[in-house]
Amino acid sequence: MTLYPNLILDALRTVRYPGTGKNLIEMSMVADDMRIDGNKVTFTLIFDKPTDPFIKSVVRAAEAAILTHVSEEVDIKGNIAVATRQQQAPQQEAQILPGVKNIIGVSSGKGGVGKSTVAVNLAVSLAKLGYKVGLLDADIFGPSVPKMLGIEDEQLFMRQDGDRNLIIPAEKYGVKNLSIGYVIDKDKPALWRGGMASNALKQLITQGDWGELDYFVIDMPPGTSDIHLTLVQTLGITGAIVVTTPQEVALADARKGVNMFLSEQVNVPVLGIVENMSWFTPASHPDEKYFIFGRDGGKNLAEALGVELLGQVPLVASICKGGDDGMPVALQNTVSGTSFTALAQNVVAAIDRRNSTLPPTAPVSIH
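Computed from a predicted model, the values in this text were never measured in an experiment.

Conventions adopted
Residues numbered from 1 in each chain as written. Predicted model: local features only at pLDDT ≥ 70, side-chain atom pairs only at ≥ 80, totals over all residues. Heavy atoms only, no water. Helix = DSSP H or I, 4+ residues; strand = E, 2+ residues; numbered from the N terminus. Rg over C-alpha atoms; globule rule 2.2 N^0.38 Å. Buried < 20%, exposed > 50% of the residue type's maximum accessible area, 1.4 Å probe, protein only. Contact = heavy atoms within 4.5 Å. Areas by Shrake-Rupley, 256 points an atom, 1.4 Å probe, with all protein chains shown as cover. Polar contact = N/O pair within 3.5 Å; in protein donor to acceptor, adjacent residues only side chain to side chain. Phe/Tyr/Trp six-rings, centres within 6.5 Å; stacked < 30°, edge-to-face > 60°. Arc of directions from axis to C-beta. Axes fitted to C-alpha atoms, helices over the stretch in contact; angles between N-to-C directions. Parallel < 35°, antiparallel > 145°, perpendicular 65-115°, else oblique. Left-handed = near helix turned anticlockwise from the far one by under 90°. Nonpolar A, V, L, I, M, F, W, Y, C, P; charged D, E, K, R; others polar. pLDDT = per-residue confidence, 0-100. Salt bridge = Lys/Arg side-chain N within 4 Å of Asp/Glu carboxyl O. Pairing = 2+ DSSP bridges.

**Q** Even after reading the chapter, I still don't get the overall build of the chain, so can you show me in this structure?
**A** The number of helices and strands found in the chain is 10 helices and 13 strands. Against the globule reference of 21 Å for 367 residues, the chain gives a C-alpha radius of gyration of 30 Å, more extended than a compact globule. The 367 residues of the chain split such that 48% are buried. Taking as baseline every contact in the chain between residues at least 6 positions apart, the subset at least 24 positions apart corresponds to 72%. Surface exposure of the chain reaches about 18500 Å², of which carbon and sulfur atoms provide 50%.

Rendered as structure tokens:
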């Protein structure tokens, strides 16, 4: 007797799966791996899950159908393998932010050192240099980016992309940006537990319609928290920037921030340190410097830790006013404005050096 696949398949059409009443061929349960060697027949039946209660009975029914409708001489007993759909080649997980080339985390060891001011002005300066820039306000409990960009009352919209709803970022000064501040009452605190805050942040990242970006700047919360862990577990951060002031209290916390990124568990490259409020310069005397919070503290810390000093930003009233008025000082052709332009250029150079010497950062697993 000559065996061929259609004989076997016709026999399997008589076997019905108890859960649906449909036959095995209708349910695409017969894998495309049938082998016939003389009287020996082997193939695989595919079930939806490994705990399917009908696996054994269906295999026995398939064996009986072949012996009955084809021939009792077919060697089929024990030759039907079982697989589940989960065991088939899984689809590759969609890459998060596939159009983003570089991700920059702007962090600080403590609050009040001007981290958000640096993040916003860095993003605006990068956009001024002609790059495509995104800015994520990851400071869930104290979002300030909307105010600093002058769009606190901006309304966000969504668009449909296949079976996904994407959040269209707000855009100002050439910077695409998203913040939890757009969707909560700006006069009320965000009383969220850590898990809720982390989930909200993930949604802003993964559902944001960011598109193609050269630089994606993340304004992180101060200190070290669940949010930092969420970010490094969700994204491969190209490099981190730590913001500090020259005073000793801030420097101690900045050291902890640098060590957090360089730790074995996190392992995110540190692009460098930004020393904010380095000196006070009166608007009427731009060449004068008064070292109110100490001198070169950030510079000395960078040297001690072996990281780069990316910039020293003076303490000028226009920087504060620009943030309050929604007009970042980086837009101005002033001493403070040019300091942020220089910072952006130094960051671009630091990222180029990092990318030429280190492999891309992968999201980390923290147990």
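**Q** Could you clarify how one ought to interpret the environment of D33 in this entry?
**A** For D33, the position within the fold is in the loop between α1 (5–12) and β1 (35–37). Overall, the relative accessible area of 27% leaves D33 in the partly exposed class. Contact partners of D33, with chain neighbours within four places excluded, come to T42, F43 and T44. Of the polar contacts made by the side chain of D33, one reaches the side chain of T44; its length is 2.5 Å.

**Q** Hey, could you run me through the packing of aromatic side chains in this one?
**A** Where two aromatic rings form a pair, the distance of their centres and the angle of their planes describe that pair. If you walk through the whole model with that rule in mind, you get 5 aromatic pairs. Aromatic pair Y17 and F54: ring centres 5.5 Å apart, planes at 90°, arrangement edge-to-face. You can see Y17 sitting in the loop between α1 and β1 and its partner F54 sitting in the loop between β2 (40–47) and α2 (55–69), a full 37 residues away along the chain. Ring centres 6.1 Å apart and planes at 70° place the aromatic pair W279 and F291 in the edge-to-face group. Here the residue W279 occupies a position in strand β12 (residues 270–280), and F291 occupies one in the loop between β12 and α8 (297–305), the gap between them amounting to 12 residues. Among the residues examined, W279 registers a relative accessible area of 13% and is labelled buried.

**Q** Which parts of the structure should I look at to understand helix α9 (residues 317–325)?
**A** The periodicity of an α-helix, 3.6 residues per turn, causes residues three or four positions apart to be oriented the same way. For α9, the full list of buried residues reads I319, G322 and G323. Axial view of α9: buried residues confined to an arc of 95°, hence all on one face. Structural note: α9 exposes A317, C320 and K321 on the side pointing more than 90 degrees away from its buried face. Considering only its buried residues, α9 is in contact with α3 (115–128), α4 (145–148), β13 (309–315) and α10 (335–357).

**Q** Honestly, unusual backbone geometry in this entry has me stumped. Any pointers?
**A** Negative phi characterises most residues that are not glycine, and trans characterises most peptide bonds. For S28, which is not glycine, the phi dihedral falls at a positive 55°. Within the secondary structure, S28 sits in the loop between α1 and β1. The phi dihedral of L97 falls on the positive side, at around 50°, and the residue is not glycine. As for its placement among the helices and strands, L97 is situated in the loop between β3 (80–84) and β4 (100–108).

**Q** Teacher, can you tell me more about the packing of α1 against α2 here?
**A** Two numbers describe a pair of packed helices, the interaxial angle and the distance between the axes. Interhelical geometry of α1 versus α2 gives an angle of 120° and a closest axis separation of 8 Å. Considering the angle they form, α1 stands oblique to α2. For the pair α1 and α2, the crossing hand works out as right-handed. Across the interface between the two elements, I8, A11 and L12 from α1 touch A62, A65, I66 and H69 from α2. Residues of the contact of α1 with α2, tallied by class, amount to 6 nonpolar, 1 polar and no charged.

**Q** Sorry, what's going on with the confidence of the model for the chain here?
**A** Detail in the predicted coordinates should be disregarded across regions flagged by low pLDDT. Overall, the prediction assigns the chain a mean pLDDT of 86, with 93% of residues at 70 or greater. Within the chain, α9 has the poorest average pLDDT of any element, 76, and strand β10 (residues 213–219) the best, 96. In this model, residues 87–93 is a region of pLDDT below 50 whose contacts with residues beyond four sequence positions or in other chains number 2 contacts.

**Q** Hey, could you run me through the packing of α3 against α10 in this one?
**A** For the pair α3 and α10, the least separation of the axes is 8 Å and the interaxial angle reads 80°. Considered as vectors, α3 and α10 are oriented roughly perpendicular to each other. In this structure, α3 contributes T117, V118, N121, L122, S125, L126 and K128 to the contact, and α10 contributes F340, T341, L343, A344, V347 and V348. The residue makeup of the contact of α3 with α10, split by class, is 8 nonpolar, 4 polar and 1 charged.

**Q** Looking at this structure, how should I read the pattern of salt bridges?
**A** A side chain of one charge can pair with a side chain of the opposite charge when the charged atoms of the two come close. On inspection of all chains with the given rule, the structure shows 8 salt bridges. Here K115 ties to D219 by a salt bridge, and the two come within 2.7 Å at their closest N and O atoms. Here K115, found in helix α3, pairs with D219, found in strand β10; they are 104 residues apart in sequence, far enough to count as distant. Under the relative-accessibility criterion, K115 is labelled buried at 6%. Ionic pairing is found between R159 and D209, a salt bridge with its closest N-O pair at 2.7 Å. In this pair, R159 sits in strand β6 (residues 157–161) while D209 sits in the loop between α5 (194–206) and β10, placing the two residues 50 residues apart along the sequence.

**Q** Please clarify how the sheet that holds β10 should be interpreted in this entry.
**A** Paired through their backbone hydrogen bonds, the strands of a sheet run either parallel or antiparallel. Read across the sheet, 8 strands follow the order β8-β9-β5-β10-β4-β11-β12-β13 without closing on themselves; strand pairing throughout is mixed. Taken across any chain shown, the strands that pair with only one partner, and hence form the sheet edges, are β8 (170–172) and β13. Each strand axis lies, on average, 25° off the axis of its neighbour in the sheet, ignoring direction. Two elements, β12 and β13, share 5 bridges in a ladder whose sense is parallel. Looking across to β13, one finds that N276 is bridged to V313. Taken strand by strand, α10 contacts β4, β10, β11 (239–244), β12 and β13, and its axis lies near 165° from that of β13.

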